[in-house]
Amino acid sequence: MTPFMVRVAELVGGPDDAVDISELPMVRPSRPERVNRGTDRQVALRSVAEQLVSEANAVLPGPDDHLALTDEIHPDELAFRLDYRGRAARVSTRFADGRAYGRIVGDDVPATGEQELIGTDALPDLIVRLLVTAGVPHHPTHD
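Residues numbered from 1 in each chain as written. Predicted model: local features only at pLDDT ≥ 70, side-chain atom pairs only at ≥ 80, totals over all residues. Heavy atoms only, no water.

1. Quick notes on the sheet that holds strand β5 (residues 87-96)
The five strands lie next to each other as β2-β6-β5-β4-β3, forming an open sheet whose pairing is antiparallel. Each of the sheet's edge strands pairs with one partner strand only, and the pair in question is β2 (33-34) and β3 (68-74). Bridge count for β3 against strand β4 (residues 77-84) is seven bridges, and the pairing is antiparallel. Across the sheet, Ile73 pairs through a bridge with Leu78, a residue of β4. (Pairing = 2+ DSSP bridges. Helix = DSSP H or I, 4+ residues; strand = E, 2+ residues; numbered from the N terminus.)

2. Considering the pattern of salt bridges
Side chains bearing opposite charge may pair, as long as their charged atoms lie close to each other. Under the definition given, this model contains ten salt bridges. In this structure, Arg41 and Glu116 form a salt bridge, with 3.9 Å as the shortest nitrogen-oxygen distance. One end of the pair, Arg41, is in helix α2 (residues 35-59); the other, Glu116, is in strand β7 (residues 115-117), with 75 residues separating them in the sequence. A residue is classified by how much of its surface remains accessible, and Arg41, at 14% relative accessible area, is buried. Classification of Glu116 as buried rests on a relative accessible area of 1%. Residues Glu114 and Arg103 are paired through a salt bridge, measuring 3.4 Å at the closest nitrogen-oxygen approach. Highlighted residues: Glu114 in the loop between β6 (99-106) and β7 and Arg103 in strand β6, separated in sequence by eleven residues. Overall, the relative accessible area of 42% leaves Glu114 in the partly exposed class. Salt bridges here are not isolated pairs; linked through shared partners, they connect Arg28, Arg41 and Glu116. (Salt bridge = Lys/Arg side-chain N within 4 Å of Asp/Glu carboxyl O. Buried < 20%, exposed > 50% of the residue type's maximum accessible area, 1.4 Å probe, protein only.)

Take a look at the structure:
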């Protein structure tokens, strides 16, 4: 199992309060960047998100409790959504005035102005936050 799969398995096998999500995920104020850099960044985020969703779903107990990843393509924006048990996070890059602007919004992402993930390293924390706040199901434990 990968380190992320182990992390999700610990969530599934542990108590509800086993994870402090107050600092998750790592974000920064959104800042404009060149279109090609913004596009590359969004593609990298999307690729890593797909891998992590697959890893988490391999560990989550049942098909009804799997994460969903959905792509959204708009004329001036690339985006994907992560959905889990009625909770969602949306990661996007908007293109305007020859610049790219990253953005993260979600049910459980603190809204303090336009923010973006710091990078792909923030995705595991974003997914963990989504799982914890939505109430990840727990496997029964035996003593």
